[in-house]
Structures are given as structure tokens and as C-alpha cells.
Number of protein chains: 4
Amino acid sequence: MPSQIRVTTWNEYLHEKASTDVAAVYPKGIHGAIGEGLKEQLGDAVTVRSATLEEPEHGLTEEVLAETDVLTWWGHMGHARVSDDIVTRVQKRVLDGMGLLVLHSGHMSKIFIRLMGTSCTLNWRDDDTEHVWNVSPGHPIAEGVPPVFTIPNQEMYGEFFDIPQPDEQVFISSFDGGEVFRSGCCFRRGKGRIFYFSPGHETFPVYHQAEVRKILANAVRWAYQPTLSPIDLSKAPNQPLNWFRK
Amino acid sequence: MPSQIRVTTWNEYLHEKASTDVAAVYPKGIHGAIGEGLKEQLGDAVTVRSATLEEPEHGLTEEVLAETDVLTWWGHMGHARVSDDIVTRVQKRVLDGMGLLVLHSGHMSKIFIRLMGTSCTLNWRDDDTEHVWNVSPGHPIAEGVPPVFTIPNQEMYGEFFDIPQPDEQVFISSFDGGEVFRSGCCFRRGKGRIFYFSPGHETFPVYHQAEVRKILANAVRWAYQPTLSPIDLSKAPNQPLNWFRK
Amino acid sequence: MPSQIRVTTWNEYLHEKASTDVAAVYPKGIHGAIGEGLKEQLGDAVTVRSATLEEPEHGLTEEVLAETDVLTWWGHMGHARVSDDIVTRVQKRVLDGMGLLVLHSGHMSKIFIRLMGTSCTLNWRDDDTEHVWNVSPGHPIAEGVPPVFTIPNQEMYGEFFDIPQPDEQVFISSFDGGEVFRSGCCFRRGKGRIFYFSPGHETFPVYHQAEVRKILANAVRWAYQPTLSPIDLSKAPNQPLNWFRK
Amino acid sequence: MPSQIRVTTWNEYLHEKASTDVAAVYPKGIHGAIGEGLKEQLGDAVTVRSATLEEPEHGLTEEVLAETDVLTWWGHMGHARVSDDIVTRVQKRVLDGMGLLVLHSGHMSKIFIRLMGTSCTLNWRDDDTEHVWNVSPGHPIAEGVPPVFTIPNQEMYGEFFDIPQPDEQVFISSFDGGEVFRSGCCFRRGKGRIFYFSPGHETFPVYHQAEVRKILANAVRWAYQPTLSPIDLSKAPNQPLNWFRK
């Protein structure tokens, strides 16, 4: 795998501009911290650029997406402001093989709801301690991750989380309040690979934590496909008899 | 389970009106044949009504859906004419626990694409012989169904079929032309259960065939829930500490 | 479904005879409490008999198994005393379509390990409070079960639990100590259906609790098949060309 | 991933010695052809050694297994001659993270049956043409593999194949006789990854075919874990309260 993985970190980038508290935790934006973590973990194996909500086309032009192997998505208060056309464009790229990492409050983003087909609702509470348990120790996203690790301050996300049963359940979290949550979930859709990871809040330094950075780096590698299948999903072709025989 | 299962058979009901050939095969409409099969198999355990595209609200008013436990869906040439609002309404009901059987060319219906999150494209050809293989002999939908059965004339549907990997793969078909197809697929979404079944074409008497009728009756029973969970998927509530403790 | 479900509740029945504390909680044995709960929930829809380790052939003769639709299994200190031949016999019946409910410490029983192919190890601790979360609200085993319920005193079972990813994950538990556990797991193997449910300890009255009784009754109904597939798994037959065509 | 993947190709190596026809197709043994294909595809990324049934301990000593990252398994007429102790040793290594590729008639090997927990029976016939369809175009094992390819001469393997539903279904095959077969199946067990691939017969040059070689090379990379999880599956430890908190 000599070629570099081209990552685009998408962030609505609103909380950081609206709150000095958030800006103090993420001075370069949440996207900046995520990109920094990926470079720290993956070095030259990865190139990182970012895109944000208030750029033209949310920074996700056809050109940018065509040059993106893996997209990370962080959104929260701006979900409704994301254009349906851009969502359709991103969905198409995922089905065509681009990797997608949906992070934390991105569970209610249009793109995640579109790809899951469910409501993606859950229960939540402001501040708690989260313990992330590895329930798939042979999974590439869990490689080098301890059997359990703790995030001291984290928004609680709890079940029932309305998603399809994940194709691969990698992490399940507990909170000191007693809730559980399927916090690391793999889905394959079309030719693309999707990883949802719930840890990561705007007011807590979760994206600076070593285990989280390791997991996101592993997920980028897992979601990346050097060579995409030639199958064209945009058509339902009428095939003559023996079309596939040589 | 003394209560009756309330089934609504939805059909776009266009081919039957446009073609005397189709009308000859399905004089009461495809919905009529499906409903007839369910009554034949399930008797008093089921009540059946129908709904069609050209009725107001496609026959799928809030009232009708509220009184429907399991909805069957057959569409083809009229997919684009189905209102997005009605699709949203049906999706909500499925996530709230209504069963859904998506049949044959319904793979490209708006409601199926919405619930799957994928393109749902496939390869196809006009006429072939289909062999339906049971790959989950302990599944309730396969109960009383032989290990393999043949549909003499059937439109070929072949892989790659762009769906999420089914939660339960019940049937896989071969065609004499050499293609394979995941023809019986279970999905759980929200609180609802979805079964996709590919056999069934407007010009062939597939819905009169005994094994197909058995499968659809089994699927109705499988998709039916006498008591729905009280979980409310329409909200992502902020929960106080210890909300779930008594 | 007019026919009755024939349940056999298997219990090693050792703790109850060795400890007056256990006997005080389960005066009729753990098997007695489980059977009582099934009768309470299912009434005439079920017949219940029991079998125990120290009976000849552990009470699981060919005749008993042939007349059993669903077997429940509770074992702990006597796992090693279960005959390999009886394990093989039970496994064969499960693959042939008998339902199996494996309970609590049965996770380390020979029959569960045989059917899973993994070590089935986990982490544990003597006493804690367990919260059982429903993560599949549309599943038949969760029907009528609240979104979450609490077992005041319960042995802690925690991840990593070495099982194959369940075909259907129905419940996940948290403990006040902070652990999580996949506590309600469905597996389909051969023609049979297997449900593992972790709540239920010899020194706590878990099998007297209403939610647990509801779940076990639901699981018995889920695991029961009125009509078994004619597929014969004991052979790998050489089939002539066109063997399946009429 | 600079380190080399250490592969051991296991073969019962009986047909080649008993039949000049087989020896003509596989002059270096089936294991030789498989190893040759891996070197051809993966070059210096892989080191390959072989082991065979009639060597002491079937060539699978503790030392050899300890130095094996991925094991491939081909067996047929000698299944019963494989020692149960060696099977237990291999199973333990798989659960501890060694990759395993089970090939063709290996579906009835002791190690596959042990890891699946099912009978692994199927239907078969001597000679047919197989078409291998990619049903998971975003899967790493399908990378660079065409949407469908044909094996001109191949033993027919047909459903029902008694395995657990695969965690990931990558390939499904059709045969000109009309059968279907789940021919490429991923399973995760313990910390290990298992791939079953059915094409490959002793009398046909299947392991010389380019697509098959590509798939086996992809599967070796998929099954390989550079760093294994520290979770110890051999114990079910009693953990004190707060054992996982720092």
C-alpha cells in the first residue's frame, strides 16, 4: 500500500466560533484536532485537508470528493443547514467506495440518517464518565487499543440507539450513570465502508486522547480501499443471456 | 395470539390496467392475488385490504397505516409517482413497528431505497427459470418450504444487488442463465421488520404458485408484532441522571 | 399454532443440594423455578418437564430429546461432569431444529462451547446491580419487555465475552461497577435457534423476577418450530445432475 | 505494515501421492501451488512454509504455529486421521488471533467443524462449471476481483451448506447444473479471522487460476493481524470492583 490515503475532515465549525470555551479546547477547530491526530498516528501514509459548513458547497465540491478516500464527519447544531444535494452527493460517493467516519453528534446528521434508513435517535445527558469496551478484539479498528479505556468527561449517549444492527460491533460503552451504548459500529453500504464512533464532544478534549486518536487512525485505514470495484451502482442494466460468459 | 393480523396489500396497479396480458394473469390485480394467497394460507388469522397508487394519498392515509400491521409493496413503472411525503409516512410507521414486505420490482421503490440507504440496483433480463434455494432452514419464513423449488418463468434478477448485507439471508436463487441473487432477505429497522422477496412478475403467475404463497404468509406472520415496544424513536431525549432507576 | 411446546428444563442441580442458602432461594431447584415461570407466562401453550445431571444419561435420553421442542440449560460447577456423548447428542438435536436456551453460567457449558466454537470466557465478580437494556425493540424476545430494567443483585458478567458476534443482539447489560455485557444473544445454528441469556444466579432470585420470566417465555416461543425442515444435515450427499428439477 | 506475513500452507498431501492425475495438476502438491500463488501475488510481503498430515504432529508443532500468522488448510480423504489434540491446538491459535483460510473440501475438516459448531454438510457432484459472483464489492477480499468470473471445471458444492450465517458474505457461486453455494465466507472467532473459500479441487487446476490466486492473497492480508490484542481468552477471571479504572 504505497499510495497515500487522502482524508478530508468535515466539520460544521460552528461551536468553535460561537463559544470561547469550545475554542479553548479546539483552537484549530474539531476538524483541526482530528486531522492532527491522524497525522500524528499515520504520518506520511495520509494527507489531510478539511472542509466546513460555511464554505461554498460546504467545501464538498465534486472535485474535493473525487480526491477524497476517507471523509470524517462532525456536525451538531448545523445539521439542518446541510444541503440535501450535498448529502446526495456524499451518499453517492460512499456507495461508490469512499470511506466515511461519522463522529459523535453526527449520528443525527442527514448523511448518517440517509445511509442508515433509520431515525438514529438515542438518549443523552450532559456530562458523565465513559468506559469504552472492546468487544471485537480481532477487528482492525481495535488493533493496539486496550480491552477497555476511560474518557473522564464525555456527554452520555445511551440506548436505544436507532440504527440497523451493525455489520461489525467493535466497541460498546458504559457510563457511570449506568447507561450502555453501541459506541463503535461498522457498516458496509454499496462499495463503501462506514464507521460510527460516538466518543467526541465539543467541550471535552476527547479528540486529543491517545486511544481515540488510535481508533480514528485505525478506522481511516480500515475504510480506505486502494482499488475500487468496477461495479457501477448507478444503473440497473438489462443484461443479455450469457453476458458474463467469455 | 388471538388477534387478527391486519394486512394492507399495496400495488401501483398500472400494468394490469395497461396490458390485457397482465390483466389475464392477474384479473383482480397483483394486490388481489397476493391478498387471496394470504387468505388461503392464513384464513381468519388475517384481514386483508388493498391500496393503490391512484387513490388519494395512494390509499395510504394516516388512518389506513394506523390500522395496518403488515404492509406489502408492489411497484414498478410508477415508482417516481409515489409522493415523498407518503414515503416518509410509511417509513415512520415501519420504524414504529409495522411490518413491510417489499416484492420483486419494489427493490427500486422509494420506500425500499429510503430504508436501505443504498442504491438497490441489480442486473436483470426478461425471462428465465428461477430456482429458489433455502439457505436458512430454521428460519420462520422458510417453515414448510422445500429445500429448493422452481419458478418456470420469471424475470431474472442477478447480483450485484446493492443492499446492506441482510440481517438474515433466507433464500438465494439461481437462474438457468447462470446468475445468482439474494432473493429472500430480512432486515430489522427501528422497531419494524422488513422482508424483501424477489420472485413475482406482472406477466408470470408467480403469486399463484403454492411455495410463493406459503413464503408470503410466513413472512406476514414473521413481520407481525402483537405488542409494540413503548420506545419512542421520534425524539432524542435529554435524560437526567438515574432516569431509568426506580 | 394449536400444538403445545414441549420444554425440558435441564439443571445440573448441585448447588441447591449443597447449600441451604441456594435451596432457600430455589426450593424446587433452579429448573423448578424456570419451569414455573414458563407455566405462569405461557399456560397451556407449553408442557414442561425437567432433567438433571445425576439422572441416568443426565436425564437426556434419546427419547426425552426426541420429545423436546426447546431445552433450557443451567450448569455451573458440574460442567466437566457432563458426558461428551450426551453433548454430541444434544448438539445434533439443536442442529436438527430443537431450540436451546443457555442460561447464565451455562456460558461455559460443553454444549455452548461446542455450538459456538469459541472459548466463551468472560470477566466476572460476585455481586453487583445489573441493568438490562433492550437494543432490539422489534425482536420477538423483547416483546412486552421494558426499554430497561434492573436486577438488584446479580453476579457481574463483563466483556470481553468470547462468542461469535450474535446473529441478533437483543439485550446489553451494564453493571454499577461499570462493566458492559452482551446479555441477550440469538444464534441460528443448523436448523436450530439458540438464545443465550446471562441474568440468573443460584444465590439471587433472578428467575422469580417478572421481566426475566417474560424474556424466557418469549425466548421459548421464538426458539420453537412447529414444523422442521426436511433437510438432512447428517449427510453430504452426492447429487446427480438435475436432482432438484421435476 | 513493514513486517512479513508468515504463512503456513497445510495440506493432507494424500491425493497427489495416490494419483498420477492429481500429481500432474499439482506436481508440487496443492500446498505448493497455493504457496506459489501467494508468493506470486504478495512477493516479499509474505513468507511461506508448508506442513502436511504425515509429518510428525502433522507438521503443526507448537513452534510452527507460534511462527504462523495465517494458516491455510486443505484436506479431504484424511480428515479422520487428523489428531484431535492438533485440532485443539490449531483452534486455540485461531482464537488467539492466527488467521485461517479453509479451502474447498476442508469444509468437513475437524478444525472447521470445531470452529463453526455445525455439521458443515452440503450437496456435491463431480464436475460442473462454477461462476463466482462478488456480492460484497467493498470487501478487502474482493479487491481487484471482477464482478463475476468462471471456473471451467470444478466440483459442484451446493446448498444447503450447514454453517452459521457468515459475518461477511463475499462470494456466492452458481453452477451450470443450477445449484447455488455461499462460496466465500468470513467469520470472526475469538481474536482470529477465518475465511472459507470453496473453489479448489485436486483434479482441476483451480489454484493456478489468476482470480483464485488474487482472492487467496487478499484473504491472507485480510486475516493477518500485525498486533494481537492482549485479551487472554484462556481464562474467565474474577475481577475486583474497579479493576479497569486507573
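Residues numbered from 1 in each chain as written. Chains lettered and ligands numbered in written order. Predicted model: local features only at pLDDT ≥ 70, side-chain atom pairs only at ≥ 80, totals over all residues. Heavy atoms only, no water.

Asks: Please set out the overall build of chain A residue by residue, giving values where relevant.
Replies: A tally of regular secondary structure across chain A gives seven helices and nine strands. Rg of the C-alpha trace for chain A: 18 Å, near the compact-globule value of 18 Å for 246 residues, within the 12% margin. Seen through its principal axes, chain A has C-alpha atoms that stretch 60 × 40 × 40 Å. Here chain A holds 246 residues, and the buried ones make up 67% of them. Nonlocal contacts in chain A, meaning residues at least 24 apart in sequence, comprise 71% of its contacts between residues at least 6 apart. Accessible surface, chain A: about 8,000 Å² in total, of which carbon and sulfur atoms supply 53%. Taken together, the 23 basic and 31 acidic charged side chains of chain A have centroids lying 11 Å from each other. (Helix = DSSP H or I, 4+ residues; strand = E, 2+ residues; numbered from the N terminus. Rg over C-alpha atoms; globule rule 2.2 N^0.38 Å. Buried < 20%, exposed > 50% of the residue type's maximum accessible area, 1.4 Å probe, protein only. Contact = heavy atoms within 4.5 Å. Areas by Shrake-Rupley, 256 points an atom, 1.4 Å probe, with all protein chains shown as cover. Lys, Arg positive; Asp, Glu negative; His and termini not counted. Charge placed at Lys NZ, Arg CZ, Asp CG, Glu CD.)

Asks: Hey, could you go over the interface of chain D and chain C for me, with residue numbers and the actual values?
Replies: On the chain C side, the residues contacting the 39 residues of chain D number 40 residues. Across the chain D/chain C interface, buried area totals approximately 3,100 Å², and carbon plus sulfur atoms make up 52% of it. For chain D, the biggest contributors to the area lost against chain C are W124(D), R125(D) and L233(D); these three give 15% of the whole. In this structure, the connection of chain D to chain C is made through zero salt bridges. Scanning the region where chain D abuts chain C turns up 24 residue pairs in polar contact (both at pLDDT 80 or more). Broken down by class, the residue content of the side of chain D that touches chain C amounts to 15 nonpolar, 14 polar and 10 charged. (Buried area = accessible area lost by both parts, 1.4 Å probe. Salt bridge = Lys/Arg side-chain N within 4 Å of Asp/Glu carboxyl O. Polar contact = N/O pair within 3.5 Å; in protein donor to acceptor, adjacent residues only side chain to side chain. Nonpolar A, V, L, I, M, F, W, Y, C, P; charged D, E, K, R; others polar.)

Asks: Can you lay out the pattern of salt bridges for me, pointing to particular residues and giving the numbers?
Replies: Throughout the structure, instances matching the rule amount to 72 salt bridges over all chains. For D96(A), the salt bridge goes to K92(A), with nearest N and O atoms at 3.0 Å. Residue classification places D96(A) among the partly exposed positions, given a relative accessible area of 22%. Residue D232(D) pairs with K235(D) through a salt bridge whose shortest N-O separation is 3.4 Å. Where salt bridges share partners, they join K28(A), E36(A), E40(A) and R213(A) into one cluster.

Asks: Now, about the relation of the copies chain D and chain C: what can you tell me, with residues and values included?
Replies: Superposing chain D onto chain C takes a rotation of 180° plus a shift of 0.0 Å along the axis, which leaves an RMSD of 0.0 Å. Taken together, the rotation and translation relating the two chain copies correspond to the operation of a two-fold axis. By C-alpha distance to the rotation axis, the residue of chain D lying nearest is G117(D), at 2.6 Å. In this assembly the copies share their binding face: 100% of the residues contributing to the interface of chain D also contribute to that of chain C. (Least-squares fit on C-alpha atoms with pLDDT ≥ 70 in both.)

Asks: Describe in detail the interface of chain C and chain A, supporting the description with residues and values.
Replies: Across the contact, 20 residues belong to chain C and 20 residues belong to chain A. For the pair chain C and chain A, the summed buried surface comes to about 1,500 Å²; carbon and sulfur atoms form 67% of the total. Considering only the surface of chain C that becomes buried against chain A, W133(C), Q165(C) and V180(C) emerge as the three largest contributors, covering 34% of it. The interface formed by chain C and chain A holds zero salt bridges in total. Inspection of the chain C/chain A interface yields 10 residue pairs in polar contact (both at pLDDT 80 or more). Those elements giving two or more residues to the side of chain C that touches chain A turn out to be β5 (123-134), β7 (168-175) and β8 (180-189) of chain C. With five residues, β7(C) is the largest single contributor of residues to the side of chain C that touches chain A. Partitioning the side of chain C that touches chain A into residue classes produces seven nonpolar, eight polar and five charged.

Asks: Describe in detail the side chain of T68(A), supporting the description with residues and values.
Replies: Mapped onto the elements of the fold, T68(A) is located in the loop between α4 (62-66) and β3 (70-74). Sequence-distant contacts of T68(A), defined by excluding residues within four places in its chain, comprise R6(A), T8(A), R93(A) and M98(A).

Asks: How would you explain the packing of helix α3 (residues 29-42) of chain C against helix α7 (residues 210-223) of chain C if you had to name every residue and give the values?
Replies: Residue and element names in this part refer to chain C. Running from N to C, α3 and α7 cross one another at 75°; their axes reach a closest spacing of 9 Å. One element, α3, and the other, α7, form an angle in the roughly perpendicular class. Residues A33, E36, G37, L38, E40, Q41 and L42 of α3 form the contact with α7, whose participating residues are A210, R213, K214, L216, A217, V220 and R221. Split by residue class, the contact of α3 with α7 holds seven nonpolar, two polar and five charged. (Axes fitted to C-alpha atoms, helices over the stretch in contact; angles between N-to-C directions. Parallel < 35°, antiparallel > 145°, perpendicular 65-115°, else oblique.)

Asks: Hey, could you go over helix α3 (residues 29-42) of chain A for me, with residue numbers and the actual values?
Replies: All names here are of chain A. Spanning 14 residues, α3 covers 20 Å between terminal C-alpha atoms, matching the ideal 20 Å at 1.5 Å per step. G29, I30, H31, A33, I34, G35, G37, L38 and L42 are the residues of α3 that are buried. Those residues of α3 that are buried lie in contact with β1 (5-11), α1 (15-18), β2 (46-52), β3, β4 (99-103) and α7 (210-223). Following α3 by one or two positions, G43 adopts a phi angle in the positive range, close to 55°. (Expected span 1.5 Å × (residues − 1).)

Asks: Describe the sheet that holds strand β9 (residues 192-197) of chain B, listing the residues and the values that go with them.
Replies: All names here are of chain B. Ordered by their spatial adjacency, nine strands build an open sheet running β2-β1-β3-β4-β9-β8-β7-β5-β6, and the pairing between neighbours is mixed. Lying at the two open borders of the sheet, with one neighbouring strand each, are β2 (46-52) and β6 (148-158). Taking the axes of each pair of neighbouring strands and ignoring which way they run, one obtains an average angle of 25° across the sheet. Sheet analysis places strand β8 (residues 180-189) next to β9, joined by six bridges and oriented antiparallel. The residue of β9 that forms the bridge with R189 is G192. Strand contacts of helix α5 (residues 84-95): β3 (70-74), β4 (99-103), β8 and β9, with the helix running at about 115° to β9, the strand carrying the most contacts. (Pairing = 2+ DSSP bridges.)

Asks: I'd like a description of the packing of aromatic side chains, backed by residues and values.
Replies: Where two aromatic rings form a pair, the distance of their centres and the angle of their planes describe that pair. Using the criterion set out here, one finds 48 aromatic pairs over all chains in the structure. Summarising the aromatic geometry, the rings of F161(B) and Y196(B) are spaced 5.4 Å apart at their centres and angled 50° between planes, so their arrangement reads as tilted. With F161(B) in the loop between β6 and β7 (168-175) and Y196(B) in strand β9, the pair connects residues that are 35 residues apart, well separated along the chain. A residue is classified by how much of its surface remains accessible, and F161(B), at 0% relative accessible area, is buried. One aromatic cluster is present, built from ring pairs that chain together F112(A), Y157(A), F161(A), F181(A), F187(A) and Y196(A). (Phe/Tyr/Trp six-rings, centres within 6.5 Å; stacked < 30°, edge-to-face > 60°.)

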